[in-house]
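Per-entry structural report
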Amino acid sequence: MKYLYRLYQLVVAAPIVAVYTVFTALIVTVGCTLGNGHFWGYYPGRWWGWVIVKTLLLPVKVTGREHLAKNQSYVFVANHQGAFDIFLIYAFLRRNFKWMMKRSLRKIPFVGLACEASHQIFVDKSGPSKVRETYDKARKTLQGGMSLAVFPEGSRTFTGHMGKFRRGAFMLADELQLPVVPLTINGSFDVLPRMRGFGWITWHPLSLTIHEPIMPIGSGPVNVEHLVKTSYEQVMADLVPEYQGYVENPDQ
């Protein structure tokens, strides 16, 4: 069965994913350039994620959408198991948002250009002024009523376990007094672990758990610590037992 699935990936899935990725990137770039970036910066990406997951025949279970209120901005924070986290959140969260992403992703052909055109937020750590620019842009995004999606670990896991959560996104939530929504992703590491690059996909169910929003308990360091700690505990608690527990990520 494994080799039949690999043959399907090679003959059917890979061409569809490649063509649809380029098509989506072009649609996003042109659409955002012409106007209405909120629409073109989100919906083509949402459909792109859905097409990729469905083309690869991966079952998905989503729980907790009822926790999200209409017209409320959130800071979504998720564990980062692998590349399929992006497709899963894009396709199945069903909330318009902007990503905070590594600056290196700007170099990906077509995709990087689409991310820039749609005003996704590239995290630039090359100097203090660049860091401030990154957070100024994220702040404006949230103040404009948009939500933000962040992987606070900053990089994909090597083991399936969680590393530490960086505080940047939580500091933004504190400053703007916004709720933080933890997201637990299961299965992405099993589908395509980081060490495999973009090699063969392993068939495995995916799940996305949307936890209840964590409301601020004031402002300042105490609230930031509360948001970080509570988010981390909620995400960790819903991981499958195999990947529970902290493991240091040398790439953080």
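The shown structure was predicted, so the numbers you read here are calculated from the model rather than taken from an experiment. (Residues numbered from 1 in each chain as written. Predicted model: local features only at pLDDT ≥ 70, side-chain atom pairs only at ≥ 80, totals over all residues. Heavy atoms only, no water.)

1. A closer look at a nonpolar patch on the surface
The grouping of Met 1, Leu 4, Leu 7, Leu 10, Val 11, Val 12, Ile 16 and Trp 200 at the surface amounts to a nonpolar patch, some 830 Å² of accessible area in total. Within the secondary structure, Ile 16 is located in helix H1 (residues 2-34). Residue classification places Ile 16 among the partly exposed positions, given a relative accessible area of 38%. (Patch = residues over 30% accessible without salt bridge, like charges linked within 9 Å, V, L, I, M, F, W, Y side chains within 5 Å. Areas by Shrake-Rupley, 256 points an atom, 1.4 Å probe, with all protein chains shown as cover. Salt bridge = Lys/Arg side-chain N within 4 Å of Asp/Glu carboxyl O. Helix = DSSP H or I, 4+ residues; strand = E, 2+ residues; numbered from the N terminus. Buried < 20%, exposed > 50% of the residue type's maximum accessible area, 1.4 Å probe, protein only.)

2. With respect to the nonpolar core
Within the largest apolar cluster, 37 residues are counted, with the highest numbers of intra-cluster contacts made by Phe 84, Ile 89 and Leu 183. In terms of residues, this core owes the most to one element, helix H4 (residues 84-92), which gives 7 residues. Core analysis: the second largest hydrophobic core is formed by 24 residues, Ile 121, Met 162, Phe 170 and Met 236 among them. (Core = buried A, V, L, I, M, F, W, Y, C linked by side-chain atoms within 4.5 Å.)

3. Some thoughts on the packing of aromatic side chains
Overall, the coordinates contain 20 aromatic pairs when judged by the stated rule. Measuring from ring centre to ring centre gives 5.0 Å for Phe 84 and Phe 87, while their planes differ by 85 degrees; the resulting arrangement is edge-to-face. With a gap of 3 residues between them, Phe 84 and Phe 87 both fall in helix H4, about one helical turn apart. With a relative accessible area of 12%, Phe 87 lands in the buried category. Pairing Phe 165 with Tyr 232 gives two aromatic rings, centres 4.9 Å apart and planes at 75 degrees, and the pair type is edge-to-face. (Phe/Tyr/Trp six-rings, centres within 6.5 Å; stacked < 30°, edge-to-face > 60°.)

4. Observations regarding unusual backbone geometry
Its identity is not glycine, yet Phe 110 carries a phi of approximately 65 degrees, on the positive side. Here Phe 110 is to be found in the loop between strand S3 (97-102) and helix H5 (111-117). Here Phe 110 falls in the partly exposed class, since its relative accessible area comes to 45%. One non-glycine residue with positive phi stands out, namely His 119, at about 65 degrees. Within the secondary structure, His 119 is located in the loop between H5 and strand S4 (121-123).

5. Some words on the side chain of Glu 153
Within the secondary structure layout, Glu 153 lies in the loop between strand S5 (147-150) and helix H7 (168-176). Salt bridges are absent for the buried Glu 153, whose nearest opposite-charge side chain, Arg 194, sits at 9.1 Å. Within the structure, Glu 153 has its side chain in polar contact with the backbone nitrogen of Gly 163 (distance 2.8 Å). Sequence-distant contacts of Glu 153, defined by excluding residues within four places in its chain, comprise Ala 78, Asn 79, His 80, His 161, Met 162, Gly 163, Lys 164, Phe 165, Arg 166 and Gln 252. (Lys, Arg positive; Asp, Glu negative; His and termini not counted. Polar contact = N/O pair within 3.5 Å; in protein donor to acceptor, adjacent residues only side chain to side chain. Contact = heavy atoms within 4.5 Å.)

Interpretation in functional terms is not warranted from these geometric data alone.
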